[in-house]
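Commentary on secondary and tertiary structure
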Amino acid sequence: MSYHGSSATPRTVRDVVFVDGVRTPFGRAGEKGIYAGTRADDLMVKCIRELLRRNPTLPAARIDEVAVAATTQTGDQGLTLGRTAALLAGLPRTVPGFAIDRMCAGAMTAVTTTASGIGFGAYDVVIAGGVEHMGNHPMGSGADPNPRFMSERLVDPAALNMGNTAENLHDRFPAITKERTDAYAVASQDRLAAAYARGQIQPDLVPVATLKPGQGWTLNSVDEPPRPGTTLEDLAALRTPFRAHGRVTAGNAAGLNDGATAAVLASSEAAAELGLPVKMRLVSYAYAGVEPEVMGIGPVPATEKALKNAGLTIEDIGLFEINEAFAVQVLSFLDHFGISDDDPRVNRYGGAIAVGHPLASSGVRLMNQLARQFEEDPSVRYGITTMCIGLGMGATVIWENPRHSKYTGYSAAADDAHEAITAATTEGAAA
């Protein structure tokens with residue numbers, strides 16, 4: 001390999017590991033939501049500070065980049081959010097940052113983009129995540145789609161309304177009935193409620209104190225959107241706002257939400273040096289485009305591409321974290337790969353229909369949940385995080401479980417060292 005005609009040593013791609021991830025509780029968008037009056041960038045700062053608190057062996061000065069995604073990059077989500085959030089969080093001024101946008105897959109793209117830099121050797125440790133305050137910035141707020149999209153029929157008009165694209169997906173796959181999507185939505189609520197009862201969600205949450213006029217301070221430590229106890233009868237009574245006698249409702253789709261997520265990624269060498277835990281190893285990732293008017297099918301070609309890149313098949317995947325923008329979108333993925341609606345490998349802790357989907361932040365939520373499931377189930381070697389993306393795209397990341405017997409990367413020894421150092425640091429602080 002040569003660069004500009006001169007000899008150079010070929011670069012070796014380094015292993016990239018997921019060290020840790022956190023998120024704020026997700027809130028309902030709007031004046032009555034828990035984050036009404038709270039800034040988006042402050043939510044992001046909470047996540048960055050919590051990552052440093054939880055990983056005391058990571059010096060802030062060793063962070064090489066902060067990548068933060070937001071779909072609407074204006075106001076409190078503007079001004080190169082990765083850099084401003086890093087400064088607000090108290091990171092050294094030597095730590096750079098940038099903002100990124102791939103709509104719903106914003107945080108996922110922040111992860112894969114910085115992971116590529118780690119693999120190439122440009123970074124050792126990064127923070128990547130996303131935030132969306134849909135109360136402050138409603139979906140599409142301030143957007144000005146080029147009129148050529150319509151006048152030249154470049155896309156179907158439905159492509160600019162996500163609910164309409166979900167109705168189109170129902171048209172394309174008539175076997176996915178409203179009854180099936182409602183049943184899936186009820187199961188999502190039930191699985192999330194069960195995960196909360198088992199304490200599987202709470203460890204990833206960063207409590208956020210908020211101040212509302214006339215109400216004083218409130219400490220928010222749980223997600224606001226879930227509706228435990230939802231029944232099929234409840235969902236059957238909901239209206240179909242995107243089409244008369246349609247199939248998509250507020251009950252079988254994710255809501256409008258506020259929230260932030262962040263993760264630490266590192267090279268395996270840096271993780272070993274710093275005594276950082278390893279929760280997952282990045283195996284492969286892929287993005288793919290589809291017809292914008294049926295954007296929900298995007299995870300299918302993205303997953304096929306990621307599997308091919310990794311030399312794996314769908315049968316190798318033991319856990320799936322699929323973002324539930326719409327139930328029909330998840331079911332179209334499952335049907336394509338021959339997976340049953342109630343397969344226990346899929347969204348064990350529930351999904352966005354229950355917990356919420358603050359657009360650009362959701363990718364890291366999927367990763368957090370997959371990492372925790374890896375910890376609980378060492379028998380699973382590979383897992384997938386995948387999601388559909390507005391304007392007709394899909395994204396998939398494949399991860400490996402460091403606790404699996406065939407895993408050969410760095411993991412267990414560093415995990416033990418990290419726990420010992422963390423315990424010593426905590427005891428010292430208490431003393």
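Scroll up to find the structure this text is about.
In short, a report on the structure. Not measured: the values here are computed from a predicted model.

The next point concerns a nonpolar patch on the surface. On the surface, a nonpolar cluster with roughly 420 Å² of combined accessible area is contributed by F149, M150, L154, L160 and L391. Positionally, L154 belongs in the loop between α4 (148-151) and α5 (162-172). On the basis of relative accessible area, L154 is assigned to the partly exposed category, the value being 47%.

What follows concerns the side chain of T303. Here T303 lies in helix α9 (residues 299-310). There is a polar contact of 2.8 Å between the side chain of T303 and the side chain of T396. Once residues lying within four places of it in the same chain are set aside, the contact partners of T303 are I314, F333, F337, I384, T386 and T396.

As a further point, take the nonpolar core. Grouped together as the largest cluster of nonpolar side chains are 39 residues, with contacts concentrated most on F320, F326, L334 and I398. Of all the secondary-structure elements, those providing two or more residues to this core are α5, α6 (178-197), α9, β12 (317-322), α10 (327-336) and β13 (382-389). Those residues in contact with F326 that sit more than four places away from it in its chain are M162, G163, A166, V248, N252, A253 and M295. Within the second largest apolar cluster, 38 residues are counted, among which are V17, V206, A262 and L276.

Looking at where D41 falls in the secondary structure, it is placed in helix α1 (residues 40-54). A residue is classified by how much of its surface remains accessible, and D41, at 7% relative accessible area, is buried. Apart from residues no more than four positions distant in its own chain, D41 is found in contact with D76, L81 and L88.

Packing of α5 against α10 brings their axes to within 9 Å, and their N-to-C directions diverge by 40°. On the basis of their axis angle, the class for α5 and α10 is oblique. Where α5 crosses over α10, the handedness of that crossing is left-handed. Of the residues in α10, those in contact with A166, L169 and H170 of α5 are V328, Q329 and S332. Counted by class, the contact of α5 with α10 contains 3 nonpolar, 3 polar and no charged residues.

Right, let's get into the pairing of strand β5 (residues 65-69). Most of β5 is tucked away, with 5 of its 5 residues classed as buried. Side chains of β5 alternate between two faces, with E65, A67 and A69 and V66 and V68 buried alike. Pairing of β5 with strand β7 (residues 125-133) involves 5 bridges; the strand directions are parallel. Across the sheet, A67 pairs through a bridge with A128, a residue of β7. Since β5 and strand β6 (residues 97-100) lie parallel, the crossover through helix α2 (residues 81-88) that links them has a hand, and here it is right-handed.

About the criteria used
Residues numbered from 1 in each chain as written. Predicted model: local features only at pLDDT ≥ 70, side-chain atom pairs only at ≥ 80, totals over all residues. Heavy atoms only, no water. Patch = residues over 30% accessible without salt bridge, like charges linked within 9 Å, V, L, I, M, F, W, Y side chains within 5 Å. Areas by Shrake-Rupley, 256 points an atom, 1.4 Å probe, with all protein chains shown as cover. Salt bridge = Lys/Arg side-chain N within 4 Å of Asp/Glu carboxyl O. Helix = DSSP H or I, 4+ residues; strand = E, 2+ residues; numbered from the N terminus. Buried < 20%, exposed > 50% of the residue type's maximum accessible area, 1.4 Å probe, protein only. Polar contact = N/O pair within 3.5 Å; in protein donor to acceptor, adjacent residues only side chain to side chain. Contact = heavy atoms within 4.5 Å. Core = buried A, V, L, I, M, F, W, Y, C linked by side-chain atoms within 4.5 Å. Axes fitted to C-alpha atoms, helices over the stretch in contact; angles between N-to-C directions. Parallel < 35°, antiparallel > 145°, perpendicular 65-115°, else oblique. Left-handed = near helix turned anticlockwise from the far one by under 90°. Nonpolar A, V, L, I, M, F, W, Y, C, P; charged D, E, K, R; others polar. Pairing = 2+ DSSP bridges. Right-handed = clockwise from strand over helix to strand, strands pointing away.

Note that every value here comes from positions in space, so none of it alone points to a role or purpose.
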